[in-house]
Structures are given as C-alpha cells and as structure tokens.
Amino acid sequence: MSIKITSLEESKRGSCPKEYGFGTVFSDHMFTQDYDQKQGWHDAEINPYHNLSLDPTAAVLHYGQEIFEGLKAYHRADGQINLFRPEANCERFNLSAKRMVMPAVDVNQHLEAMHKLINLDKNWVPKTANGSSLYIRPTMIATSSKIGLGAAAQYKHFILTMPAGPYFAGGFNPISVYIADTYRRAVVGGVGEAKTGGNYAASLFISEEVAKKGYTQVLWLDAIEGRYVEEVGAMNICFVYEGSRIVTPSLSGSILRGITRDSILKLAPTLGYDMTEEQLDIHQILSDIASGKITEVFGCGTAAVISPVGKLCLKGKVYEVNGNKSGPVSKHLYDQLTGIQYGTVEDAFGWTQLLKS
Ligand code: PLP
Ligand code: COI
C-alpha cells in the first residue's frame, strides 16, 4: 500500500504534554483510507489530525455500523518503542468487521499504517513507564449516504493515537463493581463478541446510574439466565482462589475475546498459577468471596491492563474482596505483563513488535 503522507511542518508539531489522563489529548496526525466496492480500499493517507466530513445520512450515524479497536505502544528504557500484539488486535478488528458486515482490512497494510503513523508522532509516546503509553484507536465507519436499512457500500477506516495514563483515576487501587441484575450487555447470537460502538452505548445507562452510587464499573451477567459472569465494563474478569488458582469466564459468544485475557491465560501458568476458563455462576462466586476462598478479583483489558476489584455489589449487598486492597497475584501479573510491554521482562511469547523506523 502506498500511503500519501502530508505532515505538519516541524514548528507546528506538538509532543506528549505533562498531563494527559486517558483519551483527552490526541497526537498530531491520523491515518485514513476509504472503501467502495469498485476500488476496494484506496486513498490511504496520513494527514494532520482533522475533523471528518460526513453526509448527515451516513449509515454510521443512523444504524451504528461501526467498529473500533484499542492497543498500545510503549516506550522502552533503551529508547525504542514496542507495540503489544498488534496482529492479534488487527485480526479481532477483522472479526468485528465480519460480524458488522464491513470489509476486512489487510493485516499487513493496517500494521504498516500504524508503524508509519506512530513513527511520525513518536514524540507523543509517553517516556515515563508508570503505566503510561500511547493508546492507538483504529476505527471503521459506514459512510454511504443511505437511509434505507442495509449494509453500506462505502466505509472509512481511520487510526488515531493519544498519550494515555492509567485508565482509572485511582491507578492500581481497587475499583468497585456493581453487578447488573436487570440490565444486560449482550446476548449469545448478538454482537457482544464484536467491538462495536452500540455495545458501549447500551452500557451507559446503568453505568451512569451506578456511578451515582459510587461504583466505577458494571459487571455483566449472561442475558438468558442472568446467572453467569460475563465481563466487567471495558475489561474481562478473573477470580483468584486461595492465591494460586485463577479462573475466568469461558468465551460464551457474548464476551469480547480480550487480548489481555488471552495473554494472562498464557502467562499465568508460566508463573506457577493454575489458570482455567469456566462457566462461572455469580452466586457461587459471591459465596466464595464471602467465605474467603476467593482471595482476589481483577479486571483485565488494554486500557486498564490489570485492575484489582475491591468490592462487588449485588442488589444492595456488598461483598468485599481482600479487605478492599489489591493483592499479590494481581500485582505479580501486572508487573510481568507490563514488564513484557515495556521491554524490561523477556518476551518469551513473541508478543511485542519493535516500531519500525
Ligand atoms: N471487554 C470489553 C467490553 C472491552 O471493551 C475490552 C477492551 O478492549 C476488553 C474486554 C478487554 O479486551 P482487550 O484485552 O483486548 O483490550
Ligand atoms: C480498551 O481497553 O481498549 C477499551 O476498549 C476501553 C475503552 C472502552 C475506553
């Protein structure tokens, strides 16, 4: 793919500011390309960050035909930059595209676009290793002007990047989780496995309600029986039994196939933990928390990496985990995984890719 690059003149370029939080400050440039049935993907370009121009009838604005991804680039101590599992991320982008009847992107071309974009905006990759990184947001939207319902014929694929600090304001401090007892996120056969905007829009109502009660995230149960644990907010979830055995819900068809989850499934056994995927009944889980068999609970995802859960609430009853403190297993996994990401721990899995210059 040839990418036409129009960059900002040096004097107008910015760099990673001192304060950036998560997802509020964006790097100087963005990648875009367009799709139609005649030309396929075309007009691949990197330009200064800009607004998009869309017809008000663009299909994405009416029927939500949209997918996105999230992955990160990390500054290594030796000055080089690591991308974490970018192929796996792009493959999931294409799985989401298939489910939402959108065209696949070529994995190599998508990776090339990311490498070129990050190279141009290298100054935006945070240099402090305290949980900071460059968050990369590939997105695809249906752009056809079409009010009749049906798959669009035209699409735009774009990639943005942004410096990102810890996803939760409290950093590695435990979050509190409210178990959704009446609202559901996704159903088997639906689009829960796809990373599509509607899943997130659907989660906002209850998230806002529980935020008023002081809860940071919502834990979702399966939509059919309202009994099996699915995932938590923008993360998958893991439970630690007696400090040594880790369980995570098996992929049900309505859970996002988290790349962090998959990394932990592969990493944990090499660190001496027994780790399995199981169908997990929330009542058993809560009873195991109450009896102290479950010693830690944590969420895992790209934005948050690993986030300990200190409290779960179901129908007003609160279950505290490990005295609402983070525990050793979450910390061990966090240190090892972020060590691989920042290049301070050997990457025996081949997950990291050095940024090509
Ligand atoms: N589940 C949901 C709903 C998410 O949005 C995310 C974040 O991407 C995850 C799980 C974790 O996935 P990953 O580890 O690939 O970021
Ligand atoms: C990610 O971890 O990439 C996410 O999807 C988080 C996002 C919803 C902010």
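Residue numbers run consecutively from 1 along every chain, following the written order of its sequence. To read the labels, note that chains go from A and ligands from 1, taken in the order they are written. In keeping with the model being predicted, local features are shown solely for residues with a pLDDT of at least 70 and side-chain atom pairs are shown and tallied solely at 80 or more, while totals for entire chains, interfaces and linings include all residues. Side-chain figures throughout are based on the complete set of non-hydrogen atoms in the structure, without hydrogens or water.

On to the site of ligand 1. In these notes, residues near a molecule or strand are those with any non-hydrogen atom within 4 Å of it. Taken together, 16 residues are adjacent to ligand 1, and Arg92, Tyr200, Glu231, Thr260 and Thr302 come closest. Any pair of N or O atoms that falls within 3.5 Å is considered a polar contact. Within protein, one atom must be able to donate a hydrogen and the other to accept it, and sequence-neighbouring residues count only if both atoms are side-chain atoms. Arg92 is positioned such that a nitrogen or oxygen atom in its side chain is 2.7 Å from an oxygen atom of ligand 1. The separation between an oxygen atom of ligand 1 and a polar side-chain atom of Thr302 is 2.6 Å. Every accessible area reported is derived by Shrake-Rupley at a probe size of 1.4 Å, with residue values counting cover from the shown protein chains alone. For ligand 1, the protein covers 97% of the area, taking 380 Å² as the surface of the free molecule. Of the pockets mapped on this structure, ligand 1 occupies the largest pocket. Elements represented by at least two residues in the shell around ligand 1 include exactly α5 (259–270) and β15 (294–301). Think of it as three bins: nonpolar holds Ala, Val, Leu, Ile, Met, Phe, Trp, Tyr, Cys and Pro, charged holds Asp, Glu, Lys and Arg, and polar takes everything else, Gly as well. For the shell around ligand 1, the per-class residue count stands at six nonpolar, six polar and four charged. With a 1 Å grid laid over protein atoms only, a set of points is called a cavity when a 1.4 Å probe fits there but cannot get out and a pocket when it is open yet has protein on both sides within 12 Å along at least five of seven lines; lining residues have an atom within 4 Å of a point. Placement in a cavity or pocket follows one criterion, namely that more than half of the molecule's atoms lie within 2 Å of its grid points. For helices the rule is a DSSP run of H or I covering at least 4 residues; for strands it is a run of E covering at least 2, with both sets numbered from the N terminus onward.

To define a nonpolar core, start from buried Ala, Val, Leu, Ile, Met, Phe, Trp, Tyr and Cys residues and group those joined through side-chain atoms within 4.5 Å. Here the term buried applies to any residue with accessible area under 20% of the maximum for its type, exposed to any over 50%, and partly exposed to those in between, with areas from a 1.4 Å probe on protein chains only. Within the largest apolar cluster, 26 residues are counted, with the highest numbers of intra-cluster contacts made by Leu219, Val229, Phe239, Ile289, Val297 and Leu312. Looking at this core, the elements with two or more residues in it are β9 (175–179), β10 (217–221), β11 (229–232), β12 (236–241), α6 (282–290), β15 and β16 (305–314). No other element matches α6, which puts four residues into this core. Apart from residues lying up to four places away in sequence, Leu219 is in contact with Val177, Tyr178, Ile179, Ala180, Val229, Glu231, Val232, Ile237, Ile282 and Leu312. Core analysis: the second largest hydrophobic core is formed by 23 residues, Ala268, Tyr273, Tyr342 and Trp351 among them. We call two residues in contact when some of their heavy atoms are within 4.5 Å.

Purely spatial values, then, with no claim about function.
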